[in-house]
Amino acid sequence: MTRKLPPTSANEDRPFFEQVYDLVRLIPYGRVTSYGALAAALGSPGAARMVGWALNKCHSVHPPVPAHRVVNRKGLLSGKHFFPGEGMMRDLLVSEGVRVEDDRICDFADCFWDPSTALDQL
DNA sequence: CGTCTGACGCACG
DNA sequence: GCGTGCGCCAGAC
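As the structure is a computational prediction, the values presented were derived from the model and not from experiment.

**Considering the overall build of chain A**
Looking only at helices and strands, one finds 5 helices and 4 strands in chain A. Listing every helix and strand of chain A by position from the N terminus yields α-β-α-α-β-α-β-β-α. Relative to its full complement of 122 residues, chain A shows a buried share of 39%. Here the contacts in chain A between residues at least 6 apart in sequence split such that 66% fall between residues at least 24 apart. Of the roughly 7,700 Å² that chain A leaves accessible, carbon and sulfur atoms contribute 51%.

**Details of the state of the cysteines**
The tally for this structure, following the rule as stated, stands at 0 disulfides. Take Cys 58: it sits in no disulfide, and the sulfur closest to it among the cysteines is that of Cys 111, at 20 Å. Unpaired in terms of disulfides, Cys 111 finds its nearest cysteine sulfur in Cys 106, a separation of 8.6 Å.

**Digging into the nonpolar core**
Val 20, Val 24, Val 51, Leu 55 and Ile 105 are the most contacted members of the largest nonpolar core, which totals 33 residues. Contributions of two or more residues to this core are made by α1 (16-25), α2 (35-41), α3 (48-56), β2 (70-71), α4 (88-95) and α5 (108-111). Broken down by element, the residue count for this core peaks at 5 residues, all from α1. Aside from chain neighbours lying at most four places away, what touches Leu 55 is Val 20, Tyr 21, Val 24, Tyr 35, Val 65, Ala 67 and Val 70.

**What to know about the layout of surface pockets**
Taken as a whole, the largest pocket encloses approximately 370 Å³ of empty space. In this structure, the largest pocket is lined by 16 residues; those nearest its centre are Tyr 35, Gly 52, Leu 55, Asn 56 and Gly 79. Top element by residues in the lining of the largest pocket is α3. It accounts for 6 residues. Per-class residue counts for the lining of the largest pocket are 10 nonpolar, 5 polar and 1 charged.

**Some points on the packing of α1 against α3**
Interhelical geometry of α1 versus α3 gives an angle of 80 degrees and a closest axis separation of 9 Å. In this view, α1 runs roughly perpendicular relative to α3, as classed from their interaxial angle. Listed contacts from α3 to Phe 16, Phe 17, Val 20, Tyr 21 and Val 24 of α1 are Met 50, Val 51, Trp 53, Ala 54 and Leu 55. Among the residues forming the contact of α1 with α3, the class breakdown is 10 nonpolar, no polar and no charged.

**Description of the protein's contact with DNA strand B**
Surveying the vicinity of DNA strand B reveals 18 residues, the closest of which are Arg 49, Met 50, Trp 53, Leu 55 and Arg 73. Within the backbone of Gly 52, an N or O atom sits 3.3 Å from a base nitrogen of DNA strand B. Ser 78 has a polar side-chain atom sitting 3.4 Å from a phosphate oxygen of DNA strand B. Within the residue set of the surface near DNA strand B, elements represented by two or more residues are α2 and α3.

Thresholds, definitions, all that
Residues numbered from 1 in each chain as written. Chains lettered and ligands numbered in written order. Predicted model: local features only at pLDDT ≥ 70, side-chain atom pairs only at ≥ 80, totals over all residues. Heavy atoms only, no water. Helix = DSSP H or I, 4+ residues; strand = E, 2+ residues; numbered from the N terminus. Buried < 20%, exposed > 50% of the residue type's maximum accessible area, 1.4 Å probe, protein only. Contact = heavy atoms within 4.5 Å. Areas by Shrake-Rupley, 256 points an atom, 1.4 Å probe, with all protein chains shown as cover. Disulfide = S-S within 2.5 Å. Core = buried A, V, L, I, M, F, W, Y, C linked by side-chain atoms within 4.5 Å. 1 Å grid on protein atoms, 1.4 Å probe; cavity = no way out; pocket = protein on both sides within 12 Å on 5 of 7 lines; lining within 4 Å. Points joined across faces, edges and corners; volume = space filled by probe spheres on them. Nonpolar A, V, L, I, M, F, W, Y, C, P; charged D, E, K, R; others polar. Axes fitted to C-alpha atoms, helices over the stretch in contact; angles between N-to-C directions. Parallel < 35°, antiparallel > 145°, perpendicular 65-115°, else oblique. Near = heavy atom within 4 Å. Polar contact = N/O pair within 3.5 Å; in protein donor to acceptor, adjacent residues only side chain to side chain.

Geometric descriptors of this kind do not, in isolation, establish any biological role.
See the structure below:
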């Protein structure tokens, strides 16, 4: 194949970005997770920024990725500013039953979903 | 090839 | 609890 993976790469047979997309798609309805949790589940606890980077380009990815269910470790909707509609991310979460106040998820720990529990589905 | 940025996270004060 | 600095990996310039 045209796949020339460097020996230093611990990548799976899929790019890190695609792994992020698949994992984010597994986020249950009405649940949320954090960038760091996704990165850690993928084996790169320090690649939280990469998760955000991957989600930034998720607009060109299909099937669509529920990026609105991904927030930072503080439960803050740090990515809301990147959505087409202002407040759209908040609206989506609220529509799913997630309580959001001032662009921050209430009871974040309660609705938090651990992506590592879905690695089996990935 | 060097440098900066980025939807983050953590250590430190 | 809050501000600052650094590290993480990948891409853009």
